[in-house]
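Fold and geometry: a report
Given next are the chains, with one letter for each unit.
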Amino acid sequence: MKKMVELKLLEQHCNEYLQVAIFDDYCPNGLQVDVGVNQIQHLVTGVTASQALIDSAAEQQADLLLVHHGYFWKGEPPTLTGIKGRRIATLYKNGIGLMAYHLPLDAHRELGNNRLLAERLGFTHAAPVKQGDGLLWAAELAQPVTVAQLRDRITQALGRKPLYLPGGEPEIRRVGWCSGGAEGSIIQAAEQGVDAFISGEVSEQTMHLA
């Protein structure tokens, strides 16, 4: 017999473990779509609650979908129309609830995207630059590397060649990073004395700031 967990207890555990109360986020964290299924037996996880992921969860007869990018972002239309309407309709049709954790999942010191990125890139002694924040991380490298060496390390670890914006010293001793759309954090990273900054996105002004 497969084990089941009560939805409210699962949400409470995730909320406490990821410390959602300390974040002023761009979307609600926790249970976003409640379809009335209170006992969870099959959980599917993914990065973004896209139509493809929801369809896959439905094929697997999931009770709950847990993602990093959910819905109801600040500034977006509140109506359940278009793409968002179709996605949520598919959730209800297949009895799949939706839980999402955005910044709390980026920042968590054990499970967070920044922590896991540090491990993937081999950055030892990595830590948030601000106590209790966790959104911007930094590490002193055991041995200095060139820009080319750091780019190769990122390419090998992530399977994708990074976009490089020149501007720093040819030798890198301290690296800062923030997962996701964190191009604006380059200023805070510079204040921390990093030689290179890694983020998930850049904008036109990032080139000039670098």
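Here is a short report on the structure shown in this document.

Parameters and conventions
- Residues numbered from 1 in each chain as written.
- Predicted model: local features only at pLDDT ≥ 70, side-chain atom pairs only at ≥ 80, totals over all residues.
- Heavy atoms only, no water.
- Phe/Tyr/Trp six-rings, centres within 6.5 Å; stacked < 30°, edge-to-face > 60°.
- Helix = DSSP H or I, 4+ residues; strand = E, 2+ residues; numbered from the N terminus.
- Buried < 20%, exposed > 50% of the residue type's maximum accessible area, 1.4 Å probe, protein only.
- Arc of directions from axis to C-beta.
- Contact = heavy atoms within 4.5 Å.
- Core = buried A, V, L, I, M, F, W, Y, C linked by side-chain atoms within 4.5 Å.
- Salt bridge = Lys/Arg side-chain N within 4 Å of Asp/Glu carboxyl O.

Taken as a whole, this structure holds 3 aromatic pairs when the rule is applied. Considering the side-chain rings of F123 and W177, the 5.1 Å spacing of their centres and the 40° angle between planes classify their relative orientation as tilted. A residue pair is termed long-range when its members are at least 10 positions apart, and F123 in the loop between helix 5 (113-121) and strand 7 (127-128) and W177 in strand 9 (residues 171-178) qualify at 54 residues. W177 matches F123 in its accessibility class, with the two residues each being buried. The interplanar angle of 35° and the centroid separation of 6.5 Å between the aromatic rings of W137 and W177 together place this pair among those described as tilted. In this pair, W137 is assigned in strand 8 (residues 137-146) and W177 in strand 9, connecting sequence segments 40 residues apart. Note on accessibility: W137 and W177 belong to one class, buried. Taken together, the ring pairs in this structure connect F123, W137 and W177 into an aromatic cluster.

This next bit is on helix 2 (residues 51-59). All of the buried residues along helix 2 are L53, I54 and A57. The arc that holds the buried residues of helix 2, viewed along the axis, is 100°, so those residues lie on one side. Exposed and oriented more than 90 degrees from the buried face of helix 2 are A52 and E59. Lining the buried residues of helix 2 we find strand 4 (43-48), strand 5 (64-69) and helix 3 (82-93). Positive backbone phi, at 55°, marks Q61, one or two positions downstream of helix 2.

Core analysis: the largest hydrophobic core is formed by 18 residues, its most contacted members being L121, F123, L150, I172, V175, W177 and I198. Residue contacts for V175: discarding those within four places in its chain leaves F123, W137, A138, A139, L141, V194, A196 and I198. Residues A49, A62, V67 and I96 belong to the second largest nonpolar core, which totals 15 residues.

Take the pattern of salt bridges next. Taken as a whole, this structure holds 4 salt bridges when the rule is applied. We note a salt bridge from K84 to E76, for which the minimum N-O separation is 2.9 Å. The exposure class of K84 is buried, given its relative accessible area of 11%. The class for E76 is partly exposed, based on a relative accessible area of 27%. Measuring nitrogen to oxygen at the nearest pair gives 3.0 Å for the salt bridge that ties E140 to R174. One end of the pair, E140, is in strand 8; the other, R174, is in strand 9, with 34 residues separating them in the sequence. With a relative accessible area of 46%, E140 lands in the partly exposed category. Among the residues examined, R174 registers a relative accessible area of 17% and is labelled buried.

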